[in-house]
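# Coordinate inspection notes
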Amino acid sequence: MNRKLGYEQVPSARSNGAEIPSLHEAYANDFPIGAAVSPAVLESAGPLIARHYNSLTAENHMKPIELQPEEGVYTFEMADRIANFAKEHGMRLRGHTLVWHNQTPDWMFEGKDGRPADRELLLSRMKSHIDTVVGRYRGDIYCWDVVNEAIQDKEGGLLRQSRWLELAGEDYIQKAFEYAHAADPDALLFYNDYHETVPAKREKMYKLVKELLDRGTPIHGIGLQAHWNIYEPSIEDIRITIERFASLGLQLHITELDLPMFSNDDKRTDLKKPSEEMIDQQKVRYEEIFKLFRSYKDVLTNVTFWGAADDYTWLDYFPGKERKTWPFLFNDQHEPKPCFWGVV
Ligand code: GLA
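Per chain, the residues get numbers from 1 upward, laid out in the order the sequence is written. Where local features are concerned, this predicted model is filtered to residues with pLDDT of at least 70; where side-chain atom pairs are given and counted, the filter is 80 or more; whole-chain, interface and lining totals use all residues. Side-chain calculation: all heavy atoms of the structure are included, whereas hydrogens and water are not.

## Overview of helix H6 (residues 119-136)
Every α-helical turn comprises 3.6 residues, leaving residues that sit three or four positions apart pointing alike. Put simply, DSSP H or I for four residues or longer makes a helix, DSSP E for two residues or longer makes a strand, and each gets a number counted from the N terminus. What a helix is expected to span follows from its residue count: subtract one and scale by 1.5 Å. Taking 1.5 Å of rise per residue, the 18 residues of H6 would be expected to cover 26 Å, and the 26 Å separating its terminal C-alpha atoms lies within 8% of that figure. Those residues of H6 that sit buried are Leu-122, Leu-123, Arg-125, Met-126, His-129, Ile-130, Val-133 and Val-134. Seen from one end, H6 has its buried residues packed into an arc of 155°, which puts them on one side. We call two residues in contact when some of their heavy atoms are within 4.5 Å. Considering only its buried residues, H6 is in contact with helix H4 (64-67), strand E3 (92-99), strand E4 (143-148), helix H7 (163-168) and helix H8 (172-183). The buried label applies to any residue whose accessible area, calculated with a 1.4 Å probe on protein chains only, is under 20% of its type's maximum; exposed applies above 50%, and partly exposed to all values in between. Arc definition: directions from the helix axis to the C-beta atoms.

Following this line, the structure appears as structure tokens:
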């Protein structure tokens, strides 16, 4: 019987693993394929992750608020579980993230007298956080997102208004890279941001990184978050972005890839399953995007998804748009979707 396969109808011969190629093995000559995970996801999707991915990122558990909730009190247990899983399975580990305006504890920015911390205090806290965290995972984490999302999206100034900028001054970014390099001279250090293909933002990212390089900052790569969708951005915009950033002579990592099945202005929350068009469009897009990535494998040295399978993604909990979004290559049952076959 020759019937078209529906989204959830993957033949069982394939589901038992026998005929399903490993995703990362399919890209063995190109780049590692990563997934962002938590210890809970490693519990629920461990076999899938061990088989199809060969790089991990902690979705949340290496962020400042998780690792140092109180000054000098470090909590590494959850992060260690992720690091241990990577080690057990011979996977790479990307560090995410050291300096960010979000998910960073308030105490970091507070002075002893309840007033805002001064530059000296804030930078000394930044240094001891980086020393401790990067030092702990030295040899295990091969690259760090040192600074995350420091650029302002709006027209106008280059840098985002944040407590880092306000209290420490513009060179806080350079300092973060210097401290990270001192803590682990072998780690590759990345600047990571989103909306990287939007021309104005792209040029700001280029400018920031170029200035860092001109000042001799130890930076080795740019992280393109790639929170895209099945319609946007265009392949041409992605290509232009890769070319532009690669012209700085740095490595590029795709750090947080997901392709939800909704366009930006599609606010529907009542869809129980994706339409055939959405499924096809996702397959076409993933295919085109990975074909493009492959053609840049000399500069593109890691491609990481911001999740592992459709049963868990941060996108499904996006405030105001709580709904299933089906952004990955594997469905809720951890079976390959049509887009998986497009990619391998
Ligand atoms: C940004 C951050 C990630 C994550 C996502 C949303 O992209 O870099 O760490 O918080 O937002 O999950």
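## Things to note about the confidence of the model for the protein chain
Scored by pLDDT, the protein chain comes out at a mean of 94, with 95% of its residues at no less than 70. The quantity known as pLDDT measures the predictor's confidence residue by residue, on a range of 0 to 100. For residues 1-17, every residue scores under 50 in pLDDT, and the model assigns this stretch 26 contacts once sequence neighbours within four places are set aside.

## Thoughts on the environment of Leu-271
As for its placement among the helices and strands, Leu-271 is situated in the loop between strand E7 (251-257) and helix H11 (276-295). Sequence separation between Leu-271 and Lys-154 is 117 residues, and the spatial gap between their C-alpha atoms is 32 Å. Not counting chain neighbours up to four residues away, the residues in contact with Leu-271 comprise Phe-262, Met-278 and Trp-326.

## Brief notes about the nonpolar core
Counting 104 residues, the largest nonpolar core has Ile-49, Leu-257, Phe-290 and Phe-293 as its most contacted members. Ignoring anything within four residues of it in the chain, the contact list for Ile-49 reads Val-37, Val-41, Leu-42, Leu-56, Phe-85, Met-91 and Ala-308. In plain words, nonpolar cores are sets of buried Ala, Val, Leu, Ile, Met, Phe, Trp, Tyr and Cys residues tied together by side-chain atoms within 4.5 Å.

## A closer look at the site of the ligand
Put simply, a residue is near a molecule or strand once any heavy atom of it comes within 4 Å of that molecule or strand. Around the ligand lies a shell formed by Lys-63, His-96, Trp-100, Gln-103, Asn-148, Glu-149, Gln-225, His-227, Glu-256, Trp-306 and Trp-314. Residue composition of the shell around the ligand, grouped by class: three nonpolar, five polar and three charged. The residue classification treats Ala, Val, Leu, Ile, Met, Phe, Trp, Tyr, Cys and Pro as nonpolar and Asp, Glu, Lys and Arg as charged. All others, Gly included, are polar.

## Let's talk about unusual backbone geometry
Residues His-96 and Thr-97 are joined by a peptide bond in cis, for which omega reads 0°. Here Thr-97 lies in strand E3. Each neighbour pair has its own omega, and for Glu-232 with Pro-233 the value is -10°, a cis peptide bond. Here Pro-233 is to be found in the loop between strand E6 (221-224) and helix H10 (235-246). One non-glycine residue, Trp-326, lies in positive phi territory at about 50°.

## A closer look at the pairing of E3
Across the eight residues of E3, seven count as buried, placing the element largely inside the fold. A strand pair is defined by DSSP finding two or more bridges across the two strands. Bridging between strand E2 (residues 55-58) and E3 involves three bridges; their strand directions are parallel. Pairing of Leu-56 across the sheet is with Leu-93, part of E3. Bridge count for E3 against E4 is four bridges, and the pairing is parallel. Note that in E4 the partner of Arg-94 across the bridge is Cys-143. We call a crossover right-handed when, viewed with both strands directed away from the observer, the connection leading from the first strand over the helix to the second proceeds clockwise. Handedness of the crossover is the feature at issue here: the chain leaves E3, passes through H6, returns alongside E4, and the resulting connection is right-handed.

## Details of the packing of aromatic side chains
Stacked, edge-to-face and tilted labels apply to pairs of Phe, Tyr and Trp rings (six-membered ring for Trp) whose centres lie within 6.5 Å, assigned for plane angles under 30 degrees, over 60, and everything in between, in that order. Going through the model one piece at a time under the given rule, you end up with 19 aromatic pairs. Grouping aromatic residues by their ring pairs yields a cluster made of Tyr-27, Phe-31, Tyr-53, Trp-228, Tyr-286, Phe-290, Phe-293, Phe-305, Phe-328, Phe-330, Phe-340 and Trp-341. Each ring is checked for a lysine NZ or an arginine CZ that lies within 6 Å of its centre and within 35 degrees of its normal; such an atom marks a charge sitting over the ring. Directly above the aromatic system of Tyr-194 lies the positively charged group of Lys-201, at a separation of 3.8 Å from the ring centroid. Over the face of the ring belonging to Tyr-27 we find Arg-294, whose NZ or CZ atom lies 4.0 Å from the ring centre.

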